[in-house]
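Commentary on secondary and tertiary structure
Below, each chain spelled out in residue letters.
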Amino acid sequence: MIFVGRGALLRRAVTHALTTGHRVDLVVSDDPADDPGDGATAHLTTPDVNAVAGQLLDRCGDGVVWSVNNRMIFRAPLLSRGLRIYNIHNGLLPQHRGLPSAAVAYALLRGDREYGATLHEVDAGVDTGRVLAELAFPVGPEARYHQVLLRGVQACHRLFQRTLADVAAGRDPEPPAVREPGRPGYFGLRALRELPSYAGRPDYPRATDLGVAAPFVPELAAVLRGAAARPDGSGFRTIDESSHKGVTGE
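These lines cover the structure that appears in this document, whether it is placed above or below. Treat the numbers as computed from the prediction; the structure is a model and nothing was measured. (Residues numbered from 1 in each chain as written. Predicted model: local features only at pLDDT ≥ 70, side-chain atom pairs only at ≥ 80, totals over all residues. Heavy atoms only, no water.)

**A closer look at the sheet that holds strand β7 (residues 114–121)**
The mixed open sheet is built from seven strands, whose spatial order is β3-β2-β1-β4-β5-β7-β8. Two strands bound the open sheet, and with one partner strand each, they are β3 (43–45) and β8 (131–138). When strand polarity is set aside, the average angle formed by the axes of neighbouring strands in this sheet is 15°. Across three bridges, strand β1 (residues 2–5) lies against strand β2 (residues 26–29) in parallel orientation. Residue pairing for β2: F3 is matched across the bridge by V27. Each of β1, β4 (64–68), β5 (84–90), β7 and β8 is contacted by helix α4 (residues 145–168), which is oriented at about 145° to β8, the strand it contacts most. (Pairing = 2+ DSSP bridges. Helix = DSSP H or I, 4+ residues; strand = E, 2+ residues; numbered from the N terminus. Axes fitted to C-alpha atoms, helices over the stretch in contact; angles between N-to-C directions. Contact = heavy atoms within 4.5 Å.)

Right, dumping it as structure tokens:
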């Protein structure tokens with residue numbers, strides 16, 4: 001199997017796979033620091049996984065590709081060559097598609113009562129593939145951004161651990177329990193840029209309380225710093241008044 005992504009979540013997933021007896025053919029990331037450094041697991045640094053499609057196809061022994069904390073979008077030919085590509089997403093689908101850094105903030109602004117992690121197949125869309133498993137947790141009315149984001153990270157790793165054996169064996173994991181579907185939403189770079197326009201909402205302080213999570217969401221931290229430097233008190237929105245109605249594009 002091959003792992004694509006970055007950071008601690010990627011490294012923990014690779015370590016867990018190796019220590020539970022699974023073969024890791026290659027680790028792909030955009031950061032040399034993600035090299036497992038064990039002298040046996042190959043690592044490839046690239047900003048675009050599609051640019052090294054040939055190497056993935058040549059090296060992947062079992063046809064399984066894991067996407068863990070990954071912002072690189074899979075495209076042809078990787079999607080059309082028989083690989084089984086699975087993404088561990090920080091958020092529940094379809095209501096928390098896109099960037100987790102944005103989705104967590106909007107989940108709190110919208111009053112979502114649940115957040116979590118999702119395992120889904122990767123297709124040509126963004127977080128639109130078939131959902132295979134999820135791990136949800138409740139979000140209380142006083143929950144802060146950093147608490148939900150970091151709990152989502154923990155849920156991602158637990159979900160990976162729970163589903164690794166099934167995926168490796170070619171089985172679908174146990175499907176998620178049937179639940180009331182949440183409001184669908186896609187939260188990308190545009191959502192990050194628009195976040196300060198909700199500063200008039202009562203939940204805005206807790207939805208932007210980055211706390212210890214600030215180093216892990218630099219794009220959002222930069223947006224909030226910029227907004228704090230330019231307080232004009234105008235243009236505040238409600239979710240229903242927004243230009244994207246809670247579903248945003250890039």
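**What about the nonpolar core?**
In terms of nonpolar packing, the biggest core is built from 54 residues, with F3, W66, L119, Y145 and L195 touching the most fellow members. Here this core takes nine residues from α4, the largest share from any one element. Apart from residues lying up to four places away in sequence, Y145 is in contact with P100, S101, V104, A105, L108, R206, A207, T208, D209, L210, V217 and L220. Core analysis: the second largest hydrophobic core is formed by 16 residues, V4, V65, M72 and L83 among them. (Core = buried A, V, L, I, M, F, W, Y, C linked by side-chain atoms within 4.5 Å. Buried < 20%, exposed > 50% of the residue type's maximum accessible area, 1.4 Å probe, protein only.)

**Focus on unusual backbone geometry**
What is expected of a backbone is that most residues other than glycine have negative phi and most peptide bonds are trans. With an omega dihedral of 5°, the bond running from A76 to P77 counts as a cis peptide bond. Looking at the element boundaries, P77 is found in the loop between β4 and β5. With an omega of 10°, the peptide bond running from L93 to P94 counts as cis. Within the fold, P94 resides in the loop between β5 and β6 (97–98). With a phi angle near 55°, N69 is a residue other than glycine that sits in the positive phi range. In this structure, N69 sits in the loop between β4 and β5. For D127, which is not glycine, the phi torsion reads 60° and is therefore positive. Positionally, D127 belongs in the loop between β7 and β8.

**With respect to the packing of helix α3 (residues 100–110) against α4**
The contact between α3 and α4 brings their axes to 10 Å, and the two run at 130°. Between α3 and α4, the angle falls in the class oblique. Crossing handedness for the pair α3 and α4: right-handed. For the pair α3 and α4, contact is made by P100, S101, V104, A105 and L108 and by Y145, V148 and L149, respectively. Across the contact of α3 with α4, the residue classes break down as seven nonpolar, one polar and no charged. (Parallel < 35°, antiparallel > 145°, perpendicular 65-115°, else oblique. Left-handed = near helix turned anticlockwise from the far one by under 90°. Nonpolar A, V, L, I, M, F, W, Y, C, P; charged D, E, K, R; others polar.)

**Some details on α4**
With 24 residues, α4 should reach 34 Å at 1.5 Å per residue; the first-to-last C-alpha distance of 34 Å fits that figure. Looking one or two residues past α4, G170 carries a phi angle of roughly 80°, positive in sign. (Expected span 1.5 Å × (residues − 1).)

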